[in-house]
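Structural overview for review
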Amino acid sequence: MTTSSKHVFIANNERTPNHTHVVLITTGSVASIKAPLIVRELLTYENVKVEVVATKPSLTFFNREDIESCGVHVWTDEDEWSDSYRIGDPILHIELRRWADIVLIAPCSANTLSKLSHGICDNLATSLLRALAPTTPTFVFPAMNTLMYEHPLTAEHLRIVRDVVGYTIVGPIGKNLACGDSGIGAMTEWRDIVQIVVDHFKLVQRPPRD
């Protein structure tokens with residue numbers, strides 16, 4: 001992405017008091033396949049704007065065109081910096097954190113969870129999260145294989161992200177996983193994720209079109 005298109009993002013996404021600005025972060029879990037469903041459902045509510053930040057592995061599981069066709073941009077690491085960058089130009093992860101009213105990490109892979117608990121910020125998603133104000137509601141929806149979830153480090157990572165960083169952990173849930181295993185580790189149902197945003201901001205659904 002060019003520097004000028006970052007300016008376009010700022011101009012086109014100026015915060016307004018009567019809009020809810022949702023940043024959805026997708027990471028390298030099969031549950032990222034639900035991202036287009038989450039976005040489309042959020043957009044059925046009045047005065048909601050969505051931006052998606054996708055890690056490279058997460059794009060394995062959904063087509064970004066399915067989201068961008070809804071008028072929502074999918075930002076990736078390649079958008080963060082360009083060869084034409086000059087001091088004073090907008091920095092994408094900072095602009096996104098200024099824009100966000102709420103952040104959903106759905107799904108949050110074991111890898112990203114580990115990064116968050118250690119303060120690592122080596123991509124657009126984790127840089128955005130490291131830059132967030134503590135007052136920005138941030139919800140983490142873990143999604144991983146059952147044995148990965150039961151690994152002794154996972155509980156410690158969740159504790160740090162919840163008790164030290166201050167994010168809200170929701171899930172995971174038990175079901176048959178994409179890998180063929182059955183157990184705890186699946187992402188919270190996507191409709192329940194949307195409902196968290198709806199309840200938090202008391203959103204009103206748009207009337208159906210004729």
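Up top is the structure.
Residues numbered from 1 in each chain as written. Predicted model: local features only at pLDDT ≥ 70, side-chain atom pairs only at ≥ 80, totals over all residues. Heavy atoms only, no water.

Describing the pattern of salt bridges
Defined as follows: When a carboxyl oxygen of Asp or Glu is within 4 Å of a side-chain nitrogen of Lys or Arg, the pair counts as a salt bridge. Note on conventions: DSSP H or I runs of at least 4 residues are helices, E runs of at least 2 residues are strands, and numbering of each starts at the N terminus. Each residue gets one of three labels from its accessible area relative to the maximum for its type: buried under 20%, exposed over 50%, partly exposed in between, using a 1.4 Å probe on protein chains only.
The tally for this structure, following the rule as stated, stands at five salt bridges. Two residues, glutamate 95 and arginine 98, come together in a salt bridge whose shortest N-O distance is 3.0 Å. Remark: arginine 98 and glutamate 95 occur in helix H4 (residues 92-99); sequence separation between them is three residues, near one turn of the helix. Look at glutamate 95 and you get buried, because its relative accessible area is 14%. Between arginine 162 and aspartate 163 there is a salt bridge, with its nearest N and O atoms 3.0 Å apart.

A few points about the packing of H4 against helix H6 (residues 124-131)
Threshold: All axes are obtained by fitting lines to C-alpha atoms, using only the stretch in contact for helices, and the reported angles, taken between N-to-C directions, cover 0 to 180 degrees. Here the angle decides the label: under 35 degrees means roughly parallel, over 145 means roughly antiparallel, 65 to 115 means roughly perpendicular, and every other value means oblique. Each crossing gets its hand from how the near helix is turned against the far one by less than a right angle, where anticlockwise is left-handed and clockwise is right-handed. By definition, residues are in contact when any of their heavy atoms lie within 4.5 Å.
Where H4 meets H6, the closest approach of the two axes is 9 Å, and the angle between their N-to-C directions is 55 degrees. Relative to H6, H4 is oriented oblique. Considering only the axes of H4 and H6, their crossing is right-handed. For the pair H4 and H6, contact is made by Leu92, His93, Ile94, Leu96 and Arg97 and by Leu124, Ser127, Leu128 and Ala131, respectively.

Quick word on the sheet that holds strand E3 (residues 74-75)
So the rule is basically this: We treat two strands as partners when DSSP finds at least two bridges between them.
Strand order across the open sheet formed by six strands is E3-E2-E1-E4-E5-E6, with parallel pairing between neighbours. Of all the strands in the sheet, the pair left with one neighbour each is E3 and strand E6 (168-169). Bridge count for strand E4 (residues 102-108) against strand E5 (residues 138-142) is four bridges, and the pairing is parallel. Paired with valine 103 across the strands is threonine 138, a residue of E5. Relative to E4, helix H9 (residues 190-201) is tilted by about 165 degrees, and along the sheet it contacts strand E1 (20-26), E4 and E5.

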